[in-house]
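Given next are the chains, with one letter for each unit.
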Amino acid sequence: MPTLFELSGLRFAYPGQAPVLRDASLGLDAGERIALTGPNGSGKSTLLHIMVGLLRPQVGTVVAFGAPRRNEQDFHEVRQRAGLVFQDPDDQLFCPTVAEDIAFGPLNLGKSKTEVLEVVDRTLDRLQLGHLRDRVTHKLSGGEKRLVGLATVLAMEPDVLLLDEPTNALDEATRARLVAILNALPQALIVVSHDAHFRRKVTSHQYRIRDGVIGALEVHCPHAE
Ligand SMILES: Nc1ncnc2c1ncn2[C@@H]1O[C@H](COP(=O)(O)OP(=O)(O)OP(=O)(O)O)[C@@H](O)[C@H]1O
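Per an unreviewed UniProt entry, the protein goes by the name Cobalt/nickel transport system ATP-binding protein and belongs to Thiocapsa rosea. Under the UniProt heading Sequence similarities (unreviewed entry), the note attached to the protein is "Belongs to the ABC transporter superfamily."

(A) Structural context of the overall build of the protein. Regarding its fold elements, the protein presents seven helices and ten strands. The globule rule puts the C-alpha radius of gyration for 225 residues at 17 Å, and the 17 Å found for the protein is close to it. Considered along the principal axes of its C-alpha atoms, the protein spans approximately 45 × 45 × 40 Å. Out of the 225 residues in the protein, the part that is buried amounts to 38%. Contacts spanning at least 24 positions in sequence make up 68% of the contacts within the protein whose residues lie at least 6 apart.

(B) The site of the ligand, seen in detail. Taken together, Tyr-14, Gln-17, Val-20, Gly-38, Asn-40, Gly-41, Ser-42, Gly-43, Lys-44, Ser-45, Thr-46 and Gln-87 form the complete shell of residues around the ligand. Among the residues forming the shell around the ligand, the class breakdown is two nonpolar, nine polar and one charged.

(C) Summary view of the environment of Thr-46. You can see Thr-46 is positioned in helix H1 (residues 44-51). With 34 residues separating them in the primary sequence, Thr-46 and Phe-12 have C-alpha atoms 8.5 Å apart. The residues contacting Thr-46, other than those within four sequence positions of it, are Phe-12, Val-20, Leu-21 and Leu-55.

(D) Structural detail: helix H5 (residues 142-154). In a regular helix each residue adds 1.5 Å, so 13 residues correspond to 18 Å; H5 covers 19 Å between its end C-alpha atoms and thus fits that length. Within H5, eleven of the 13 residues are buried, which leaves it mostly tucked inside the rest of the structure. Buried within H5 we find Glu-144, Lys-145, Arg-146, Leu-147, Val-148, Gly-149, Leu-150, Ala-151, Thr-152, Val-153 and Leu-154. Where H5 is buried, its residues meet strand S6 (82-85), helix H3 (98-108), helix H4 (113-126) and strand S7 (160-164).

(E) Molecular detail of the packing of H3 against H4. Closest axis-to-axis distance for the H3/H4 pair is 9 Å, and the angle between their directions is 125°. As judged from the angle between their axes, H3 and H4 are oblique. By crossing handedness, the relation of H3 to H4 is classed as right-handed. Between H3 and H4, the residues in contact are Ala-99, Ile-102, Ala-103, Pro-106 and Leu-107 and Val-116, Val-119, Val-120 and Thr-123, respectively. Its residues assigned to classes, the contact of H3 with H4 shows eight nonpolar, one polar and no charged.

What counts and what doesn't
- Residues numbered from 1 in each chain as written.
- Predicted model: local features only at pLDDT ≥ 70, side-chain atom pairs only at ≥ 80, totals over all residues.
- UniProt positions renumbered as here; feature names shortened; annotations may be inferred.
- Helix = DSSP H or I, 4+ residues; strand = E, 2+ residues; numbered from the N terminus.
- Rg over C-alpha atoms; globule rule 2.2 N^0.38 Å.
- Buried ≥ 20, exposed ≤ 12 C-beta atoms within 10 Å, placed from the backbone.
- Contact = placed C-beta atoms within 7 Å.
- Near = placed C-beta within 6 Å.
- Nonpolar A, V, L, I, M, F, W, Y, C, P; charged D, E, K, R; others polar.
- Expected span 1.5 Å × (residues − 1).
- Axes fitted to C-alpha atoms, helices over the stretch in contact; angles between N-to-C directions.
- Parallel < 35°, antiparallel > 145°, perpendicular 65-115°, else oblique.
- Left-handed = near helix turned anticlockwise from the far one by under 90°.

Given below as structure tokens:
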């Protein structure tokens, strides 16, 4: 099974601060679905940002899709194949309407206008969001924005999905819908989530970051964190 990501010995500190990641390693194989949890501020979002090159580790290596990734050009390619759904949807959505936000990525990939319109409608249908198509993005509710954020990433048809707290602001029914949507997708994924129930529903391996190091999460009971 090909390895999609191999993160080895990552050390990362924000300027003037103690390291968030000290010696973090994690692998993701094709088709694999893994969850990452850990205390607030333990570096989960930081790790996802390093994977797509929004942050660079001071020590350690990121190998993605078979090649070491170091500079902006390397990560530009990674971002076309690994889609990050941000923890805060306002970091993801910047166009006037939902349809334009979803169209932005595929247009950037060079697809024709006709192809893009098809992708927009197909993606909205898949997420049962057709009713939001022409809505003004910044006026959506928190939960609606989160699903539209996922739609903008799915429209790029990435090989890997990186989801940062995807259940935040979702009601119970929408969370269940998200579980069904994710379980019907073919992509490998890494989900950062504090929601143990959700993690169990959508992933098969669970890891935890603590003190800058990633280890297997031992789940002793259904409500274990
Ligand atoms: N741009 C930044 N500059 C300085 N410090 C930052 C920056 N971004 C994050 N941090 C700090 O780095 C630490 C790790 O943040 P990160 O967002 O990766 O944690 P997290 O595990 O995702 O947390 P949460 O569970 O609360 O979402 C935190 O202490 C945070 O305050």
